[in-house]
2 protein chains.
Amino acid sequence: MKLLITGGAGFVGSRLARSLLTQGSLGGQKIDKLVIADQYAPPDFLLKDPRVEARTAPLLAQCATLHEDRFDGVFHLASAVSGECEDDFDLGMRSNLDTTRALLDALKRAGNKPRFVFSSSIAVFGPDPAHPMPDIVTDETLAMPQTSYGTHKLMCELLIADYTRKCYVDGRSARLMTVTVRPGTPNGAASSFFSGIIREPLAGKVAICPVPDTVSHPLSSASLTVQGLIAVYAASREEFLGRSGINLPALNVTVKEMLEALEAVAGPKARSLVKFEFDERIANIVSNWPKGAASKRAHRLGLHPAKNFASIIEEYIQEL
Amino acid sequence: MKLLITGGAGFVGSRLARSLLTQGSLGGQKIDKLVIADQYAPPDFLLKDPRVEARTAPLLAQCATLHEDRFDGVFHLASAVSGECEDDFDLGMRSNLDTTRALLDALKRAGNKPRFVFSSSIAVFGPDPAHPMPDIVTDETLAMPQTSYGTHKLMCELLIADYTRKCYVDGRSARLMTVTVRPGTPNGAASSFFSGIIREPLAGKVAICPVPDTVSHPLSSASLTVQGLIAVYAASREEFLGRSGINLPALNVTVKEMLEALEAVAGPKARSLVKFEFDERIANIVSNWPKGAASKRAHRLGLHPAKNFASIIEEYIQEL
């Protein structure tokens, strides 16, 4: 079978690619070819696999000829992140909405109804003055995004549901929780600090936490997120149940609990490297996010959250 | 002030234009100019008003220069209807999604943050296997459209909420109930028969009802719908409450109750002209629509449904 991962050079995408190549098959079919479409080149460990073909260019431009591939399956992870979309409205619309639509149209044109997994986001949820948001959002919570990023993700969920209803693709939208611990440097996502406050202290560096330690948030690890995306792909339509998006499993923790886990794993000195400097812009965005998530439909697919935040830190250390 | 009505030559649009011209002002401001953008020419009673400027061309093409007008307010009613969107997927995307986005971008470019009322639809609601739909949908019901038309309307609601959050427009989405009794000939909407089964018998003609008489549906009259759109425009943001869409008031009636009202108003002979011929395509679409709607936020704006279906028939007869 022939698979496509958009955003396949990124943090989650490259780990998804590695997992798929390691398992060698998907839904009982052998993976012959894995195309990684990304504006950046994938890491070497992917490039050296003979099954991998890297297409390094903006995805929107790539969509013009993508119907020729007739992919059996697609994981669509490419996206501009929340901070970028707030800073540059047009870039967000182009990267998230236009690109997803062009991709769907290419797959529609291919005509072979590929399976299609979309990485949506917990950011689809938000409080509207007319609709107070519950502390714990469920698969059935009315989503009312309060960022452009969340708006695009929800619009794409709806688009994918309709392309699926019309049998152009077999689409499934999975809302990713905030994935920690991201390696490397902070990205433009407002949620970037959720990784920074663990990653930097573990490297002996000071990290700034822009929100109070009482902030609670639904988190997941990279490996559990990859496992979730693969399970959503592998599910039958009956198992997936419906065409609306599902929440992937979340560990709902406060910043304080995160730092306690950091201390338990890496000692008090690591924890003392986290300084609190309130950032109103970040705090405003985060205050509109859910404090936690429940994931009934994901549990039906056999998926579960991390057992505690220490295990998420340990996964990160192990990978380092 | 300078207003734009897209779809202003249509059934609801032309009546909205007439009401606005008759009242002469909107939100305390005198209406100096009313632009009617529609692919069809508006009726004569509008064309002969010196305040009216008709722009008769596809709206998408008109959007390229629309920023030059700097409209104070916009009622966006132009839309491909549900049947058309099911028959021609690309036409639906272009007419509903692309056009609304181009219109919003023109208003954003104008830079004067016009007030913007969007005619969304009860068709945003639908049952998903994962989310059973309540019989009576409220402002807080999770919308999961089961038609392309409903999908576009909900995507546009989200787009408008985000353009509003960014202060590009002051947008409000009002979900129209099925408006009866439409004069003229059947249109491509799957809901067209809700008018046909009253209009045709009143004209002495046979009408086909494609669904059983137990079907229940949320209806409104043309005048109440126009009144709703104007109230949504005139409301302050605090009165409107939030950026999510609201249900306009609905009279929830069964086909049987509609026919009983027809008999009460026009006699048993009129009623006997309604023949039942089950149409699976129409019935399938309609079966995914709500049986009724509640409209708490619209009530807060002083809006109420028709008191009974006979009054809706009488409004139609009076206008004839």
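For the structure, check the block above.
Summarised in this report is the structure supplied together with it. (Residues numbered from 1 in each chain as written. Chains lettered and ligands numbered in written order. Predicted model: local features only at pLDDT ≥ 70, side-chain atom pairs only at ≥ 80, totals over all residues.)

A few points about the interface of chain A and chain B
Right, on to step 1. At the interface, 25 residues of chain A touch 25 residues of chain B.
Right, on to step 2. Ranked by residue count, the leading element in the side of chain A that touches chain B is helix 6 (residues 148-165) of chain A, at eight residues.
Right, on to step 3. Broken down by class, the residue content of the side of chain A that touches chain B amounts to 11 nonpolar, six polar and eight charged. (Contact = placed C-beta atoms within 7 Å. Helix = DSSP H or I, 4+ residues; strand = E, 2+ residues; numbered from the N terminus. Nonpolar A, V, L, I, M, F, W, Y, C, P; charged D, E, K, R; others polar.)

Concerning the relation of the copies chain A and chain B
Right, on to step 1. Superposition of chain A onto chain B requires a rotation of 180° combined with a translation of 0.0 Å along the rotation axis, giving an RMSD of 0.0 Å. Put plainly, the chains are arranged around a two-fold axis.
Right, on to step 2. Taken together, the interface assignments show that 100% of the residues at the interface of chain A recur at the interface of chain B, consistent with an identical surface on both copies. (Least-squares fit on C-alpha atoms with pLDDT ≥ 70 in both.)

Digging into the sheet that holds strand 5 (residues 52-56) of chain A
Residues and elements named next belong to chain A.
Right, on to step 1. The parallel open sheet is built from seven strands, whose spatial order is 5-4-1-6-7-9-13. Because the sheet does not close on itself, it has two edges, and the strands there are strand 5 and strand 13 (246-247).
Right, on to step 2. Looking at chain direction, strand 1 (residues 2-6) and strand 6 (residues 73-76) are connected through four bridges and run parallel. Residue Thr6 lies in a different strand from strand 6, and its bridge partner there is His76.
Right, on to step 3. The strands touched by helix 6 within the sheet are strand 7 (115-121) and strand 9 (170-176), with strand 7 carrying the most contacts at an inclination of about 160°. (Pairing = 2+ DSSP bridges. Axes fitted to C-alpha atoms, helices over the stretch in contact; angles between N-to-C directions.)

Thoughts on helix 8 (residues 222-234) of chain A
Right, on to step 1. Its 13 residues give helix 8 of chain A an end-to-end C-alpha distance of 18 Å, which sits within 8% of 18 Å, the value for a rise of 1.5 Å per residue.
Right, on to step 2. If you check which residues of helix 8 of chain A are buried, you get Ala222(A), Leu224(A), Thr225(A), Val226(A), Gly228(A), Leu229(A), Val232(A) and Tyr233(A). (Expected span 1.5 Å × (residues − 1). Buried ≥ 20, exposed ≤ 12 C-beta atoms within 10 Å, placed from the backbone.)

What about the nonpolar core?
Right, on to step 1. In this structure, Ile5(A), Met155(A), Met258(A), Ile5(B), Met155(B) and Met258(B) are the most contacted members of the largest nonpolar core, which totals 198 residues.
Right, on to step 2. In this view, Met155(B) contacts Met155(A), Leu158(A), Leu159(A) and Leu97(B); residues no more than four positions away in its chain are not counted. (Core = buried A, V, L, I, M, F, W, Y, C linked by C-beta atoms within 7 Å.)

Focus on the packing of helix 5 (residues 89-110) of chain B against helix 6 (residues 148-165) of chain B
All names here are of chain B.
Right, on to step 1. Between helix 5 and helix 6, whose axes approach to 10 Å, the crossing angle comes to 15°. The pairing of helix 5 with helix 6 is recorded here as roughly parallel in orientation. Pair helix 5 / helix 6 crosses with right-handed handedness. Taken together, the residues of helix 6 that come into contact with helix 5 (itself represented by Phe89, Gly92, Asn96, Leu97, Thr100, Arg101, Leu104 and Lys108) are Ser148, Tyr149, His152, Met155, Cys156, Leu159, Ile160 and Tyr163.
Right, on to step 2. For the contact of helix 5 with helix 6, the residue count by class is nine nonpolar, five polar and two charged. (Parallel < 35°, antiparallel > 145°, perpendicular 65-115°, else oblique. Left-handed = near helix turned anticlockwise from the far one by under 90°.)

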